[in-house]
Amino acid sequence: MGRDSKILKVELQSLGVKIEAVEKGRKGGAGPAAGRTLIFGGLKANVPTLSRFVESSPYSITPADDRYILKKDGKPIMEVSFPAPKFYGFKTKDGIPYWKIALLHGDDCLATTVVQRCVYWNTRARCKFCGIELSLQHGMTIERKTAAQILEVALAAKDDGVKHVTLTIGTVPGPDKGIRALAEVGKVLREEAGLPVHVQFEPPRRLELLDELYGCADTVGAHIESFDATTLREIAPCKAAIGFERYRETWRRCVSLFGENQVSSFLIVGVGESDASVIKGSEELATLGVYPFVVPLRPIPGTLLEDAIPPPPSRMLRIYEAVADILKDYGLSWRRCKAGCVRCGACSAIGDFERA
Ligand code: SF4
């Protein structure tokens, strides 16, 4: 992978790409909704395709015979491809299309939202960037996936080249916040599909609940999203209410359970914070052995931030370079991560900027 490809990934994730005569991606959901994964130049990138700001992007993709050509200002740059999962063509024993149960993320990660509802969705505490219940409203998924359904899809996806799994969840009522549902599915996938599993959750009320994930997951994510207290209150009031200290305790306990480099936190760039906040926050995470998964804001149509604009590529480049220095200093790398977003890397270019 050359520097040009990395820079192109950063540009595409900040500016988006207009695509013609190709399915543009899912309209909502957790994670990289309103986008498509592109493969080019030895890397993968989940790129916005449906958000409003994409209309002004200089980038476009047009089909040519059975190939896809990426263009900038109408001039061809290179051929790109889209992963084509064969397992999307099947249905579960109870008649649900596999793609409503779990999706291919990046080029080798199976991802699903075990419970597609969140206690904060209809409240003022909801995260403004999140589209978790939108895909449910659009009929693109089902509300709750059972371990048996996810296992059935995972076995087919493994035959199709999937190497790891990401399980996320909306915050569910009760003190474990969904951790027990994740543990149940993760255990089945690890033991019966033999796939490494990543789980993502909100810090539980009692830290001991985290111990129940041991043996049920290989890596975990608890996402603070922003280290800027004012920004966090504005974009994710539910997380601000939990407080930084609870996140720190959660990360520490998770590192003691799963090891350095196997715990991560998303840090969103472009929601009101300074560069210094992202870089200092990344260093704080790294000192704990937590991988800072830095991503540009993804303004998903239908969310409270649908009219926002992602940070410019120049800013993302500056931040990626600085965070890559930190990763090197603390010996953290996507290569050492067993499963999940850090391993996948489609939504962030931070792994592509890691120093050798
Ligand atoms: S980085 Fe995470 S959210 Fe993004 S495509 Fe990969 S597994 Fe999905």
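First, a word on what this report is: a plain description of the structure on this page. (Residues numbered from 1 in each chain as written. Predicted model: local features only at pLDDT ≥ 70, side-chain atom pairs only at ≥ 80, totals over all residues. Heavy atoms only, no water.)

**Observations regarding the packing of helix α1 (residues 3-15) against helix α10 (residues 313-330)**
A packed helix pair is summarised by two numbers, namely the angle formed by the two axes and the spacing between the axes. Put simply, the test is: Axis geometry follows a simple rule: fit a line to the C-alpha atoms, using only the stretch in contact for helices, then measure angles between N-to-C directions, giving values from 0 to 180 degrees. Helix and strand assignments follow DSSP, with helices taken as H or I runs no shorter than four residues and strands as E runs no shorter than two, numbered in order from the N terminus. Oblique is the label for every angle not falling under 35 degrees (roughly parallel), over 145 degrees (roughly antiparallel), or within 65 to 115 degrees (roughly perpendicular). Left-handed is the label given to a crossing in which the near helix is rotated counterclockwise from the far helix by less than a right angle, and right-handed is the label when the rotation is clockwise. Throughout, a contact is declared for two residues whenever any of their heavy atoms are within 4.5 Å. We call Asp, Glu, Lys and Arg charged. Ala, Val, Leu, Ile, Met, Phe, Trp, Tyr, Cys and Pro are nonpolar, and the rest, Gly among them, are polar.
Where α1 meets α10, the closest approach of the two axes is 9 Å, and the angle between their N-to-C directions is 125°. Overall, the two elements α1 and α10 adopt an arrangement that is oblique. Along this stretch, α1 crosses α10, giving a crossing that reads as right-handed. Residues Arg3, Ile7, Val10, Glu11, Gln13, Ser14 and Leu15 of α1 touch α10, and the partners they reach there are Pro313, Met316, Leu317, Tyr320 and Glu321. Taken together, the residues that form the contact of α1 with α10 break down as seven nonpolar, two polar and three charged.

**Describing unusual backbone geometry**
The criterion, for reference: Three labels apply to residues, based on accessible area from a 1.4 Å probe with only protein chains included: buried if under 20% of the type maximum, exposed if over 50%, partly exposed otherwise in between.
With phi around 70°, glutamate 225 is a residue other than glycine that occupies positive phi space. As for its placement among the helices and strands, glutamate 225 is situated in the loop between β11 (219-221) and α6 (229-235). Classification of glutamate 225 as buried rests on a relative accessible area of 7%. Although it is not a glycine, asparagine 261 sits at a positive phi angle of roughly 75°. Along the chain, asparagine 261 turns up in the loop between α8 (244-258) and β12 (263-269).

**Here we look at the nonpolar core**
For the record, the criterion: For this analysis, a nonpolar core means a set of buried residues of the types Ala, Val, Leu, Ile, Met, Phe, Trp, Tyr and Cys, connected via side-chain atoms within 4.5 Å.
In this structure, Leu110, Leu167, Leu189, Val199, Phe201, Trp251 and Val294 are the most contacted members of the largest nonpolar core, which totals 97 residues. With residues up to four places along the chain from it excluded, the contact list for leucine 189 reads Ile150, Leu151, Ala154, Val165, Leu167, Gly194, Leu195 and Val197. One finds Leu12, Val17, Ile19 and Ile61 within the second-largest nonpolar core, a separate group that totals 14 residues.

**Considerations on the pairing of strand β13 (residues 290-296)**
Spelled out, the test is: We call two strands paired when DSSP finds no fewer than two bridges between them. Here a crossover is taken to be right-handed if, once the strands point away from the viewer, the path from the first strand over the helix to the second is traced clockwise.
Of all seven residues in β13, seven are buried, a share of seventy percent or more. Neither face of β13 is exposed, since Val290, Pro292, Val294 and Pro296 on one face and Tyr291, Phe293 and Val295 on the opposite face are all buried. Sheet topology places β12 next to β13; seven bridges connect them, and they run parallel. Among the inter-strand pairings, serine 265 is bridged to a residue of β13, identified as proline 292. Where the polypeptide runs from β12 across helix α9 (residues 275-287) and back to β13, its parallel neighbour, the crossover connection is right-handed.

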